[in-house]
Amino acid sequence: MTKTAVVTGASSGIGEATARRLAAEGFDVVAAARRRDRLDKLAAEVPAIRPATLDVTSDESVAEFAATLDRCDVLINNAGGAVGLEPVAEGLVDDWRRMYEVNVLGSLRMTKALLPKLVESGDGVLVLLTSVAGLVSYEGGGGYVAAKHAQTSMAETLRLELCGEPVRVVEIAPGMVHTEEFSLTRFRGDAERAERVYEGVPGPLSADDVADAIAWCVTRPWNVNIDRLVIRPRAQAAQHKVHRIS
């Protein structure tokens, strides 16, 4: 029987790339996000992808979505993002709340809703897309760093709590990834500032690079758990150490 993979935040970036890649790997992919028009376009291009409207910040939306699924073998908790670069002393509560709602509580809602189906599958894989920000803090990233640290802790806790159950818990922690929207959202739509993040960097990661790593993790044999995969471009040794060509 064809396995079903659910990908949240699938309307762009890493989520879209992951939906495409898992479809190519033979999964029946449910691509879920708020922007249905983008999902419909994606599904029209890839027959193995089913579009589904989903807002991970809404209990009702998540419950309605879960009720439409007959099975779930793989859950990719990808929906997330960063907003703002203010220091903690100037942090905007609404931005912190938004980041926590999507990154952390969104992952919680989806995990609670679909964990029974993952267990029922007999070989479920639960993936949390975190970030190197969940491992090392940096200035100006307070709210995002806090949210990603929380997701990292969630992955570690789930692995302990599900020990003995037929579910693998995988954390994917990317570094610098050049996607169409991540930095644009962080800089509140300032395209020029967003593009400067990647200026001069030879070969930042692409969404496809991360999707490739996700696909590798979820297609390992049932007894192999990739606890955490940190993936950075060669040019990025750490958050504060990035090689740039002037």
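Our subject is the structure listed above.
Computed from a predicted structure; not experimentally measured.

**Focus on the sheet that holds strand β4 (residues 74-77)**
The 7 strands lie next to each other as β3-β2-β1-β4-β5-β6-β7, forming an open sheet whose pairing is parallel. Edge positions in the sheet fall to β3 (49-53) and β7 (228-231), since each of these pairs with one other strand and no more. Recorded for the sheet is a direction-independent mean angle of 15 degrees between the axes of neighbouring strands. In the sheet, strand β5 (residues 124-129) pairs with strand β6 (residues 167-174) via 6 bridges, with the strands oriented parallel. Paired with Leu 129 across the strands is Ile 172, a residue of β6. Here helix α2 (residues 36-45) sits on the sheet in contact with β2 (28-33) and β3, set at roughly 170 degrees to β3.

**Some thoughts on helix α3 (residues 59-67)**
All buried positions along α3 are accounted for by Ser 61, Val 62, Phe 65 and Ala 66. Buried positions in α3, seen along its axis, are confined to an arc of 130 degrees and lie on one side of it. In this structure, α3 carries Asp 59, Glu 60, Glu 64 and Ala 67 as exposed residues pointing more than 90 degrees from its buried face.

**Thoughts on the state of the cysteines**
Linking two cysteines covalently via their sulfur atoms produces the bond known as a disulfide. All told, the structure shown has 0 disulfides when counted by the stated rule. Counting only cysteine sulfurs, Cys 217 is the nearest neighbor of Cys 72, a cysteine outside any disulfide, at a range of 17 Å. Owing to a relative accessible area of 0%, Cys 72 belongs among the buried residues under this scheme.

**Quick word on the environment of Arg 21**
Along the chain, Arg 21 falls in helix α1 (residues 13-24). In the structure, Arg 21 is positioned 193 residues away from Ile 214 in sequence and 9.0 Å away in space, judged by C-alpha atoms. Excluding anything up to four places from it in sequence, Arg 21 contacts Ala 211, Asp 212 and Ala 215.

**Let's talk about the nonpolar core**
One recurring pattern in soluble globular proteins is that nonpolar side chains are buried together. Counting 36 residues, the largest nonpolar core has Leu 22, Ile 49, Ile 76, Ile 172 and Val 218 as the members making the most contacts within it. Taken together, the elements giving at least two residues each to this core come down to β1 (4-8), α1, β2, α2, β4, β5, β6 and α8 (207-218). Counting residues per element, this core draws most heavily on α8, which supplies 8 residues. Leave out the neighbours within four places in its chain, and Val 218 touches Leu 22, Phe 27, Val 74, Ile 76, Val 125, Val 127 and Arg 168.

**A look at the pattern of salt bridges**
Going through the model one piece at a time under the given rule, you end up with 15 salt bridges. Between Asp 123 and Arg 168 there is a salt bridge, with the nearest N and O atoms lying 3.2 Å from each other. Note that Asp 123 is positioned in the loop between α4 (93-121) and β5 and Arg 168 in strand β6, a separation of 45 residues in sequence. Classification of Arg 168 by relative accessible area gives buried; the value is 7%. Among the charged side chains, a network of salt bridges with common partners joins Lys 3, Asp 123 and Arg 168.

**Some details on the environment of Val 136**
Note on placement: Val 136 falls in the loop between β5 and α5 (142-161). Contacts of Val 136, omitting those with residues within four sequence positions, involve His 149 and Gln 239.

About the cut-offs
Residues numbered from 1 in each chain as written. Predicted model: local features only at pLDDT ≥ 70, side-chain atom pairs only at ≥ 80, totals over all residues. Heavy atoms only, no water. Pairing = 2+ DSSP bridges. Helix = DSSP H or I, 4+ residues; strand = E, 2+ residues; numbered from the N terminus. Axes fitted to C-alpha atoms, helices over the stretch in contact; angles between N-to-C directions. Contact = heavy atoms within 4.5 Å. Buried < 20%, exposed > 50% of the residue type's maximum accessible area, 1.4 Å probe, protein only. Arc of directions from axis to C-beta. Disulfide = S-S within 2.5 Å. Core = buried A, V, L, I, M, F, W, Y, C linked by side-chain atoms within 4.5 Å. Salt bridge = Lys/Arg side-chain N within 4 Å of Asp/Glu carboxyl O.

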